[in-house]
Amino acid sequence: MVRSREETGKNDPLIEELLDAPEAAIFQKAAGGALYFVLDRIESQFASKVVMQDMAKPRRIGLLRLKRLVRYLKGNPRMSYKYEYQVMPKQITGWADSDHAGCKDTRKATSCGIEQLGVHVLHTYSVTQEVVALSSGEAEFYALSTLVGHMLFTKNMFEELDVMLMIEAWTDSSAGK
């Protein structure tokens, strides 16, 4: 399906324009609903993160991004996880990645990660890094340290249940190690 320029926002001179109050209220309500729906949708977490960046000052581009996310969710209404029996693993495994200066406005990177216990996914996330990384290695290091923080929290939760686990974190960057 080919989208019109109006639907994509390409070459729209008003794309950065702030929404008026009624449109902004509708945007914020719909974006909050979308955030709720994508909590368990790994493939939509980054798109939701980008939409949520316009919550404080909703812009036309944010509305177009939200519409695109809703069209995707409407076209792909179900996602299910199947957690089959497994022998209790000895460790929590995690993977982290980042995109150095991925945001064109702020030059901040996005960290994403996934935690698994055996083959079962425990936690996924996609967040904007708090600082502007000066190199891709620094961005990868921040992503890896965010992942390790999440994994230590999960490990401590299991220790409260008297289940001792090791953690193992992976990254695709040799500079971030």
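Let us look at the structure shown here. (Residues numbered from 1 in each chain as written. Predicted model: local features only at pLDDT ≥ 70, side-chain atom pairs only at ≥ 80, totals over all residues. Heavy atoms only, no water.)

**A word on the overall build of the chain**
Where we set the bar: Helix and strand assignments follow DSSP, with helices taken as H or I runs no shorter than four residues and strands as E runs no shorter than two, numbered in order from the N terminus. For every residue, the accessible area obtained with a 1.4 Å probe (protein chains only) is divided by the maximum for its type, and the residue is called buried under 20%, exposed over 50%, and partly exposed between those limits.
A tally of regular secondary structure across the chain gives five helices and four strands. Start at the N end of the chain and walk to the C end: the helices and strands fall as α-α-α-α-β-β-β-α-β. Its C-alpha atoms give the chain principal-axis dimensions of about 55 × 40 × 30 Å. The buried share of the chain, taken over its 177 residues, is 33%.

**With respect to the pattern of salt bridges**
Condition: Any Lys or Arg side-chain nitrogen found within 4 Å of a carboxyl oxygen on Asp or Glu counts as a salt bridge.
If you walk through the whole model with that rule in mind, you get six salt bridges. In this structure, glutamate 159 and lysine 155 form a salt bridge, with 3.6 Å as the shortest nitrogen-oxygen distance. Taken together, the residues glutamate 159 and lysine 155, both in helix 5 (residues 136-160) and four residues apart, mark about one turn of the helix. Residue glutamate 159 is classed as partly exposed on the basis of its relative accessible area, which comes to 28%. Assessed through its relative accessible area of 21%, lysine 155 is described here as partly exposed.

**Overview of the layout of surface pockets**
Sizing a probe to match a water molecule and rolling it over the atoms shows the empty space that remains. Note the following rule: Lining residues are defined by having an atom within 4 Å of a point belonging to a cavity or pocket. Those points lie on a 1 Å grid over the protein atoms alone, cavities being sets where a 1.4 Å probe fits but cannot get out and pockets being open sets with protein on both sides within 12 Å along at least five of seven lines. Grid points are joined across faces, edges and corners, and a volume is the space filled by probe spheres set on the points. Classification used: nonpolar for Ala, Val, Leu, Ile, Met, Phe, Trp, Tyr, Cys and Pro, charged for Asp, Glu, Lys and Arg, polar for all others including Gly.
Considered as a void within the structure, the largest pocket measures approximately 610 Å³ in volume. The wall of the largest pocket is formed by 23 residues, among which Phe46, Val50, Gln53, Arg65 and Cys103 lie closest to the centre. Looking at the lining of the largest pocket, the elements that each hand over two or more residues are helix 3 (45-52) and helix 4 (60-75). Here the lining of the largest pocket is built from residues that sort into eight nonpolar, five polar and ten charged.

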